[in-house]
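As a plain string of letters, each chain reads:
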Amino acid sequence: MNVVPWWAWAAFGAVVLILLAIDLLAHRGAHIIGFKEAAWWSALWVGVAIIFGIVVFFTLGTTAGVEYTTAWLLEKSLSVDNLFVFALIFGYFKVPREYQHRVLFFGVIGALVFRAIFLAAGVAIVSKFAAVLFVFAAILLYSAYKLMKDEDDSYDPSTSIAVRLLRKIIPVRDEYEGTKFFVKEAGKRVATPLLAVVVAIEAADLVFAVDSVPAVLAVTDDPFIVYSSNAFAILGLRALYFLLAGLLEKFHYLSKGLAIILAFIGVKLILQAGHKVISTSIPEIPSLVSLVVIVVVLAGSIILSLKNPPKEDDADAIDKVAADSPIVDPTDGTSSAGTSPTGTSSTDSPRLDKP
């Protein structure tokens, strides 16, 4: 494992903070994110991640560069499930479209903090107890099985323990108040539904970390590579959501591709654990091989989805989901669900009823 100098951490932190500041300033006014704007921001985040990877190649070596690229692409692919959950949460709480970027902005900041904690704990545990890799492998293989058998549990915002706890800590009103998280009513501070949405998204990310943290630790146990790759993948999630929210349902083979990737990483972890715990004669899968497998499987699942569209019945179901989801029309950035310009219907209110 490379000894990463302090200035590398400092440079990484500075880049992240500068980009977050630019993003926040660029979106300081609440507005609907259109397809073109999302495409530009997606290109920016991907470009920054690639440039950072090139810097890693030249400063920390080829091995570190390959590990970073593999871990970033792996986390990026696993994050696709997050996009579906974003749509579910926004739909459940009937979040106005012009407020969605603000919610995701704070959601990403929370994810960066919690991932840092989880990844640091994971690296520390693996360094002392290599046998825990067998447990991580079992988690990934089980997740792969559920995805392959279409038994992956769909996220239900109404069951969020975090949102229930929020209601117990502070009253949550039913109406939105612009992009504010708190307002005063009768001299008391109360939360707006926007805060509940952020809490729901944070809670969902904690669930997804169960898969992504073991997966990235199968690629490398270098804290710098682990966290920087995760951070850049997470930072681009907001733009990716607005870019692909209306198209994800068309890639119906993507879940199978993710299942294959998780199963492969699970096998990689088993071999890695066996090499460390049982015998060094047990071979390990190189990171370059992992990178090739991830790229080929992702590309293959997307190509198959485009060449073999969903059946008519499935297409009807997809259209219904798309109609009910808080997505943006790629052509003009307007609502495609027949709601009012604020993003909520005239009769519906946020779903803050107690489950």
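Residues numbered from 1 in each chain as written. Predicted model: local features only at pLDDT ≥ 70, side-chain atom pairs only at ≥ 80, totals over all residues. Heavy atoms only, no water.

Chemist: Talk me through the overall build of the protein; I want residue IDs and the actual numbers.
Modeler: Along the protein, the regular secondary structure elements total 13 helices and 2 strands. Of the roughly 17000 Å² of accessible surface on the protein, a fraction of 67% belongs to carbon and sulfur atoms. (Helix = DSSP H or I, 4+ residues; strand = E, 2+ residues; numbered from the N terminus. Areas by Shrake-Rupley, 256 points an atom, 1.4 Å probe, with all protein chains shown as cover.)

Chemist: Quick one: what's the story with the confidence of the model for the protein, residue by residue and with numbers?
Modeler: Interpreting fine coordinate detail is not advised for predicted regions of low pLDDT. Of all residues in the protein, 83% attain a pLDDT of 70 or more, and the chain-wide mean is 81. Looking at the elements of the protein, mean pLDDT is at its lowest for helix H13 (residues 312-324), recorded as 47, and at its highest for helix H9 (residues 223-235), recorded as 92. Confidence drops under pLDDT 50 across residues 315-348; counting only partners more than four residues distant or on other chains, this segment forms 49 contacts. (pLDDT = per-residue confidence, 0-100. Contact = heavy atoms within 4.5 Å.)

Chemist: Lay out the pattern of salt bridges in plain terms, naming residues and giving numbers.
Modeler: Counting across every chain of the model gives 6 salt bridges. The salt bridge involving Arg115 is made with Asp205; its shortest N-O contact spans 2.9 Å. One end of the pair, Arg115, is in helix H5 (residues 100-128); the other, Asp205, is in helix H8 (residues 193-217), and 90 residues separate them in sequence. Here Arg115 falls in the buried class, since its relative accessible area comes to 2%. The partner of Arg173 in a salt bridge is Glu177, with the nearest N and O atoms 3.6 Å apart. Its relative accessible area of 16% is what places Arg173 among the buried residues. Accessibility expressed as a relative area gives 36% for Glu177, which makes it partly exposed. The network of salt bridges with shared partners includes Arg173, Glu175, Glu177 and Glu185. (Salt bridge = Lys/Arg side-chain N within 4 Å of Asp/Glu carboxyl O. Buried < 20%, exposed > 50% of the residue type's maximum accessible area, 1.4 Å probe, protein only.)

Chemist: Which residues make up the packing of helix H4 (residues 80-93) against H8, and what values do they have?
Modeler: One way to put it is that H4 packs onto H8 with a least axis distance of 10 Å and a crossing angle of 155°. The orientation of H4 with respect to H8, classified from their angle, is roughly antiparallel. Between H4 and H8 lies a crossing whose hand is right-handed. Residues Asp81, Asn82, Val85, Phe86, Ile89, Phe90 and Phe93 of H4 lie in contact with H8, whose contacting residues are Ala196, Val197, Ala200, Ile201, Ala204, Asp205 and Phe208. Class assignment for the residues of the contact of H4 with H8 results in 11 nonpolar, 1 polar and 2 charged. (Axes fitted to C-alpha atoms, helices over the stretch in contact; angles between N-to-C directions. Parallel < 35°, antiparallel > 145°, perpendicular 65-115°, else oblique. Left-handed = near helix turned anticlockwise from the far one by under 90°. Nonpolar A, V, L, I, M, F, W, Y, C, P; charged D, E, K, R; others polar.)

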